[in-house]
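Letter by letter, the chains look like this.
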Amino acid sequence: MFGWQGKLLRIDLSNKQSHVEEIGEGLSDTLGGRGLALKIYTQEIDAKINPLSPENKIVLATGPLTGTGASSASVCAVVTKSAFNETVISAQIKLHFGAELKAAGYDALVIEGKADQPVLIAIKDEEVLFLPADFLLDKPTDEAESLFRLSFNDPWVARETRILHIGMAGQKQSPLASLITDGLSVTNSVGIGAVFGSKNVIGIAVRGTKDILVQEKDIFLKSITQNISKMSQKLDKFFKFSSYTPFEYYYQHNVLACNYFIEPFANQVTLDQIIASWERQRGCFSCPIACLRMKNGRFLPEIDAFMAIGPLCGIFDVSVISEIYLICTKLGLDAVETGFLLSCAMALKEKGLLKEDEIPNFGDKENILKLLPLIAEKKIKILEKGAFKLCESLNKPDFFLGIKGRGMVFDVRNNHFLSLFYATSTQGAVYFNGFSLLREIHEDIPQEVKSIQDKIAISESLGVCPYLFVTLPLDEVLSLFKTVTGICLNEEELLKKAEAVYQVERNFNEKVGFKKEDDMLPKRFLFPEFESMLNTYHQLRGW
Amino acid sequence: MERIRIDHTKCTGCHYCELACSLNHLTVALNPKKARIRVLQEGTRYFPVISGPFTEAACNIKVDLVIGEKVYDFCDLCRASCPYKGIFKDPITEVPLQCDFCGIDAPGPACVKWCPSGALTLVEVPSYY
């Protein structure tokens, strides 16, 4: 097969067995990645399942372009039912994991059952090992990673093995746990870490040495070299500012806020200060942009995580924010939701609704740092389930500023485009799903929202990083897809596949119990035009 | 004489050079594990290493070093970019792979052409030896 490998690896943890299934036929229906993983997951799992039960499954899938060298085609989708807010969730694993899984010869990986002991699944081409992982328990994620690499006999192999693992939060099955891959916290993976923990899977390590075939080598080569040079010109701004590209625009239009949206953001942290803290650029597999930023060998937060653990918690020192982010990564906590939870709890305390001494005041750096390990270990009962459950338990559901259980980190009253994005996302308020790359949109917002959501769905199905896809025209991607797989598709067919992705996610959420009304903004953020916008959007989707 | 200059401070670790090399030599397949240039990660830095000339014949017998009770593969310690190193061998056939500048009259090495960060550049240097 060209592009795809045509194989699915099914790992049964209960019996410690694995077998390979041929899935060559029909792969082009869902493309791969998010589409394929969703299809496999929703076919095999009932929506009413408890996400932490052994019957739940985790599906990982790469797209047809992943690992081929197509610009920034590195992502691998991981789909399961979220333990955080019960919706279906699909996170995109960046860096090198996806390409390595593809090189190992698999398009998809299904993990089912529950191991009796903590295990590490090691995949090396056809070989699948279940290694005891007791030595990695309760360790910070960076230490666990280096310990794991030390356990190899061959240092080259150790360097080239890619791992996806959970930290202490995941091992304790905290709903706030996220996944970590090679030191980078996986964006939007909150609620998946706990599912890994419930199955006793500490991590997955992959190394692959197989070929990935392409159909038309010459055209493929040419279009990639063209794309690389084109992209560095086109994405000049994104290259410079990474995910902070819209920061200035957001600041000028009052989209940023402090202290749980009580106070407006008054530029206490400037973009220049943030940029000054960056040291090096890192790229994912085959990415010409390299938008990840590092300092002292640690990844720095992206804009949503930065706002959640920084200004929303009343912290404006860039180095402190980086430190909190680093500790979140070490513990395996999702920085966005953890920051939002802290911010919400601090606001509740200020209002006198929460009396607990452990909860700090806004801007109290020392106590926040002390609190993080306690949250990961689930030592504080009221905070262990996130902001939504916290507000619910205090009988103040209107105090929660988010959608479908996920917190919002931007004040969307002043950005209608972003508000509709957040509201209609199938996974709750996820900034990554609402990435719009500085572009002012005032007209026909519902149509724009739908088209960008569809584009993101296509890119995640093909295995291309959504950050880039937003600026890439569809026809260029279609020609890349054709040269790799030899399959000719037109734009309409491609968009239909994307709509199907949203329909499948929507149907799953409906079965879980989410209704049309759950697409509503919280009362405090409502503005008059919103309802008509939402109605138009629902009509466009046919819901 | 043309040489590939490597600036590891610019390398972002995207592994494009490996892909370019493998696609050029395998014609229809991509496989970074069969590339003649490999990006090694040491801590937080990335070092592209090109499979250069073979080292002296005496070295190719492959020496194992014994320090204390442990046996070390000398190829892992050696800093030369010798094709005899484990990483430059084809993972299945174990044939050592060596950089050939993508052919003599080809339009330059593919890895340099693909490199988006400017870590790899082609430089003209005088030949003294």
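Here is what the cut-offs are and how they apply
- Residues numbered from 1 in each chain as written.
- Chains lettered and ligands numbered in written order.
- Predicted model: local features only at pLDDT ≥ 70, side-chain atom pairs only at ≥ 80, totals over all residues.
- Helix = DSSP H or I, 4+ residues; strand = E, 2+ residues; numbered from the N terminus.
- Rg over C-alpha atoms; globule rule 2.2 N^0.38 Å.
- Buried ≥ 20, exposed ≤ 12 C-beta atoms within 10 Å, placed from the backbone.
- Contact = placed C-beta atoms within 7 Å.
- pLDDT = per-residue confidence, 0-100.
- Axes fitted to C-alpha atoms, helices over the stretch in contact; angles between N-to-C directions.
- Parallel < 35°, antiparallel > 145°, perpendicular 65-115°, else oblique.
- Left-handed = near helix turned anticlockwise from the far one by under 90°.
- Nonpolar A, V, L, I, M, F, W, Y, C, P; charged D, E, K, R; others polar.
- Pairing = 2+ DSSP bridges.
- Domains from an automatic or database assignment.

**Examining the overall build of chain A**
Point 1. What chain A contains, in helices and strands, is 22 helices and 20 strands.
Point 2. The C-alpha radius of gyration of chain A comes to 22 Å, within 12% of the 24 Å expected for a compact globule of 543 residues.
Point 3. In terms of overall dimensions, chain A has a C-alpha envelope of 60 × 55 × 45 Å along the principal axes.
Point 4. Taking all 543 residues of chain A together, 56% fall into the buried category.
Point 5. When contacts within chain A are restricted to residue pairs at least 6 apart in sequence, those whose partners lie at least 24 apart make up 71%.

**Let's talk about the confidence of the model for chain B**
Residues and elements named next belong to chain B.
Point 1. The predicted model of chain B has a mean per-residue pLDDT of 78, with 80% of residues at 70 or higher.
Point 2. Mean pLDDT in chain B bottoms out at helix 2 (residues 74-77), which sits at 65, and peaks at helix 1 (residues 16-26), which reaches 85.
Point 3. Here the prediction assigns the complex a pTM of 0.87, and the interface score ipTM is 0.73.

**Concerning the packing of helix 17 (residues 416-424) of chain A against helix 18 (residues 445-462) of chain A**
All names here are of chain A.
Point 1. With their axes 10 Å apart at the nearest point, helix 17 and helix 18 run at an angle of 55° to one another. The angle between helix 17 and helix 18 places the two elements in the oblique class. The way helix 17 lies across helix 18 gives a crossing that is right-handed. For the pair formed by helix 17 and helix 18, the contact residues are His416, Phe417, Leu420, Phe421 and Thr424 on the first element and Ile445, Pro446, Glu448 and Val449 on the second.
Point 2. Partitioning the contact of helix 17 with helix 18 into residue classes produces six nonpolar, two polar and one charged.

**Focus: the pairing of strand 6 (residues 108-112) of chain A**
Within a regular beta strand, the side chains point alternately toward one face of the sheet and then the other, so they alternate between its two faces.
All names here are of chain A.
Point 1. Among the five residues that make up strand 6, four are buried, leaving the element largely enclosed by the rest of the structure.
Point 2. Here five bridges tie strand 1 (residues 7-12) to strand 6, and the two strands are oriented parallel to one another. Counterpart to Leu8 in the pairing with strand 6 is Ala108.
Point 3. Examined bridge by bridge, strand 3 (residues 58-62) and strand 6 share four bridges and lie antiparallel to one another. Bridge assignment links Val59 to a residue of strand 6, and that residue is Val110.

**A few points about the interface of chain A and chain B**
Point 1. Taken together, the contact between chain A and chain B spans 28 residues of the former and 26 residues of the latter.
Point 2. Of all the secondary structure elements, the ones that give two or more residues to the side of chain A that touches chain B are helix 5 (155-160), strand 13 (212-213), helix 8 (217-234) and strand 16 (280-282) of chain A.
Point 3. It is helix 8 of chain A that provides the largest number of residues to the side of chain A that touches chain B, a total of five residues.
Point 4. Counted by class, the side of chain A that touches chain B contains 14 nonpolar, nine polar and five charged residues.

**A few points about the environment of Ser117(B)**
Point 1. On the secondary structure map, Ser117(B) appears in the loop between helix 3 (110-114) and strand 7 (120-124).
Point 2. Between the alpha carbons of Ser117(B) and Asp7(B) there is a distance of 9.8 Å; along the sequence they are 110 residues apart.
Point 3. Excluding anything up to four places from it in sequence, Ser117(B) contacts Ala290(A), Lys10(B), Cys11(B) and Thr12(B).

**Focus: the environment of Leu354(A)**
All names here are of chain A.
Point 1. By the secondary structure assignment, Leu354 is in the loop between helix 14 (335-350) and helix 15 (365-376).
Point 2. Distance in space between the C-alpha atoms of Leu354 and Ile382 is 9.7 Å, their sequence separation being 28 residues.
Point 3. Leu354 has contacts with Ala345, Leu348, Lys349 and Ile359, leaving out every residue within four places of it along the chain.

**Remarks on the sheet that holds strand 18 (residues 298-299) of chain A**
Either a parallel or an antiparallel arrangement is found when strands of a sheet pair, and the pairing is made through backbone hydrogen bonds.
Residues and elements named next belong to chain A.
Point 1. Read across the open sheet, the three strands follow the order 16-17-18; overall the sheet is antiparallel. The open sheet has two free edges, formed respectively by strand 16 and strand 18, since each of these has just one partner strand.
Point 2. Of the pairings in the sheet, the one linking strand 17 (residues 292-295) to strand 18 comprises two bridges and is antiparallel in character. Across the sheet, the residue bridging to Met294 is Phe299, located in strand 18.

**Here's the deal with the sheet that holds strand 10 (residues 179-181) of chain A**
Residues and elements named next belong to chain A.
Point 1. With respect to topology, six strands assemble into an open sheet ordered 8-7-12-9-10-11, the strand pairing being mixed. The outermost strands of the open sheet, each flanked by one partner alone, are strand 8 (127-132) and strand 11 (184-185).
Point 2. As paired elements, strand 7 (residues 119-124) and strand 12 (residues 201-207) share six bridges and run parallel to each other. Each residue of the ladder has a partner; that of Leu120, found in strand 12, is Gly203.

**A look at the domain arrangement of chain A**
All names here are of chain A.
Point 1. As far as domains go, chain A holds domain 1 (7-207), domain 2 (241-410) and domain 3 (413-541).
Point 2. Computed over C-alpha atoms only, the centres of domain 1 and domain 2 are separated by 26 Å.
Point 3. Domain 1 puts 34 residues into the contact, and the matching count from domain 2 is 28 residues.
Point 4. Taken together, the elements giving at least two residues each to the side of domain 1 that touches domain 2 come down to helix 4 (141-150), helix 6 (168-171) and strand 11.
Point 5. For the side of domain 1 that touches domain 2, the leading source of residues is helix 6, giving three residues.
Point 6. Looking at the side of domain 1 that touches domain 2 residue by residue, the class counts come to 14 nonpolar, 17 polar and three charged.

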